[in-house]
Amino acid sequence: MSASPLTPLDYIAAGYWQDFLAGRPVAGGMAYEAELHQCTLDESLASLQRIDILLSQIRRDMIKSGTWDETTLLADERYRNFMVFLAFYAGRVLAQQWQYTPHWFGEFELRKRYPALPLLTDDFYQHMAVVYRNDVEDTDKPNATDSLFFALGPIGLRLFGHIDRPFQSVQGGQVASGLYQAVSARLPNAIDSHHALPIATEHATKEVTETIVPQHSRQSIQTNTDAVNHTSYNELQTTPEIVQTDTLLAKTASSTAPLETASVASSQAALKEIEIKPTIKPAPTPELFSQLLIELDEIEVPQIAGKTEYEQARKVLDQFEQHIAKQDKPRAQVAFSQQHLAAKQQALAKLQDAAHAGNSAAMLRLAMYELLGEEVNADKVAGMEAGVEWVKQAASKDDSRAQRLLSKLYYQGFGVPQDMTNGKYWLEQAAKNGHPEAASLMSQWQQAQTLISTQKQEQHSLKRYQLLFAVIIVIAILIFIIV
């Protein structure tokens, strides 16, 4: 079968991506473009997690500034372009996992091609979708929607979803809570075995091997005290990165697809069908702590002690965190030289000094490394206990960031016995002290409680009316009998 013709949205998607890579402005402008460049959009699954974190941060910033209004923001072309770009990017990443060239369809094309879809007129989140694998276009089932991905839905839910603003999938069910979750659910290893993908090139049927690519940065970190205090650190020197060549093969297959279509059609019967199962790699740092790092930068809490030591330590440790965030493997597997580790230990020592002086930000940063077991305390159990204690000390200083983190620890049972009552208490304290996410959650919880209370009152009133009606009927019957 011949390759599918490009759609108008395909050209727009390609233009957005090329403009982004070249640093050219998108027509009409695009919000948060600088922040997107900082997310390192390398077309990996981990990059979708970085985007989800960015979306959560944007949501908190909008709530804090009083600009969290979906209707107003969707009327702004810059925000619409931002969301459309993210949708294009997510479709690109997903199709690459299937070694397929994505094809985008607008609302008119979707209605014509998939008449059974219950599309809502003028719904921004339903006005475009991507076909990310070939088992729809190459079969006689034009109305099948299994290979469609409405990527705007998870973006909208991440930014604007709440108890009074649910997001329903046009294909049925709930919308995923983020792009990473949505794409992961559609990966080849998450699909039934009848969706196995035929491989079009001979070299793609070989075992996936690993290629060693040396890290481009070679600047070392000085380990003496003066360097820890004053040197501006660039990227860290690490052991060579391991890159899966299935990504390279996917790009090759995608770029050569039009040339190979004829040969694929003629030799389809001879090709073996295999199911590609890319490994879903978690974000290097657990979201519990990556969120904490964002809050330490974004939410300001006045400090009266240990500020100099904390800033000196943060300057070094931020370089480590920025490097770790770019990796496609857990942080425990990211290797550093002894020289780098010595610099980190010096920074942690300064962090401890700041924490002991009463700096709550230092307490939280130190708690993170203790809870992660990163050699602050040799005994892992003692390190976990020390980490929880630092969080509690910071929370007792009315640091809303610490109070929100402590509520998460209690809710999740991380480092402490799971305790919903304590979790709710510290969530309330964080909200009272101005934590935007905690305030939003408490507002939603109060709305839910109000709704439940109203329903109970209505049910009680209904019972009273029913009883009154029954009494009236009985009285009417007695009057009838007497008369």
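Residues numbered from 1 in each chain as written. Predicted model: local features only at pLDDT ≥ 70, side-chain atom pairs only at ≥ 80, totals over all residues. Heavy atoms only, no water.

A. A look at the overall build of the protein. Along the backbone of the protein there are 18 helices and seven strands. The 483 residues of the protein split such that 44% are buried. Sequence separation of at least 24 residues holds for 72% of the intrachain contacts in the protein that already meet a minimum separation of 6. Accessible area for the protein stands at about 25,200 Å²; split by element, carbon and sulfur atoms hold 55% of it. (Helix = DSSP H or I, 4+ residues; strand = E, 2+ residues; numbered from the N terminus. Buried < 20%, exposed > 50% of the residue type's maximum accessible area, 1.4 Å probe, protein only. Contact = heavy atoms within 4.5 Å. Areas by Shrake-Rupley, 256 points an atom, 1.4 Å probe, with all protein chains shown as cover.)

B. Layout of the sheet that holds strand S3 (residues 148-149). The sheet built from three strands is open, its strands ordered S1-S2-S3 with antiparallel pairing. For this open sheet the edge positions go to strand S1 (103-106) and S3, each flanked by a neighbour on one side alone. In this structure, strand S2 (residues 128-131) lies alongside S3, joined through two bridges in antiparallel fashion. Across the sheet, Val130 pairs through a bridge with Phe149, a residue of S3. Most of the contacts of helix H5 (residues 77-97) go to S2, to which it runs at about 15 degrees, and overall it touches S1, S2 and S3. (Pairing = 2+ DSSP bridges. Axes fitted to C-alpha atoms, helices over the stretch in contact; angles between N-to-C directions.)

C. Local environment of helix H16 (residues 400-412). Here H16 spans 18 Å end to end across 13 residues, near enough to the 18 Å set by a 1.5 Å rise per residue. Summarising burial for H16: eleven of the 13 residues are buried, a large majority. Every buried residue belonging to H16 is among Ser400, Arg401, Ala402, Gln403, Arg404, Leu405, Leu406, Ser407, Lys408, Leu409 and Tyr410, and all of these are buried. (Expected span 1.5 Å × (residues − 1).)

D. Up close: the packing of aromatic side chains. For the structure on display, the rule yields 14 aromatic pairs. Ring centres 6.4 Å apart and planes at 25 degrees place the aromatic pair Trp17 and Phe85 in the stacked group. A residue pair is termed long-range when its members are at least 10 positions apart, and Trp17 in helix H1 (residues 8-22) and Phe85 in helix H5 qualify at 68 residues. Taking the relative accessible area as the measure of exposure, Trp17 reaches 6% and is therefore buried. The exposure class of Phe85 is buried, given its relative accessible area of 2%. Centroid distance Tyr125 to Phe167: 5.1 Å. Interplanar angle 75 degrees. Geometry classified as edge-to-face. Here the residue Tyr125 occupies a position in the loop between helix H6 (107-113) and S2, and Phe167 occupies one in the loop between helix H7 (152-160) and helix H8 (179-184), the gap between them amounting to 42 residues. The same class applies to Tyr125 and to Phe167, which are both buried. Clustering of aromatic rings is evident, with ring pairs tying together Trp17, Phe20, Phe85 and Tyr89. Directly above the ring of Trp98 sits Arg133, whose terminal nitrogen or CZ lies 5.0 Å from the centroid. Directly above the aromatic system of Phe167 lies the positively charged group of Arg165, at a separation of 3.9 Å from the ring centroid. (Phe/Tyr/Trp six-rings, centres within 6.5 Å; stacked < 30°, edge-to-face > 60°. Lys NZ or Arg CZ within 6 Å of the ring centre and 35° of its normal.)

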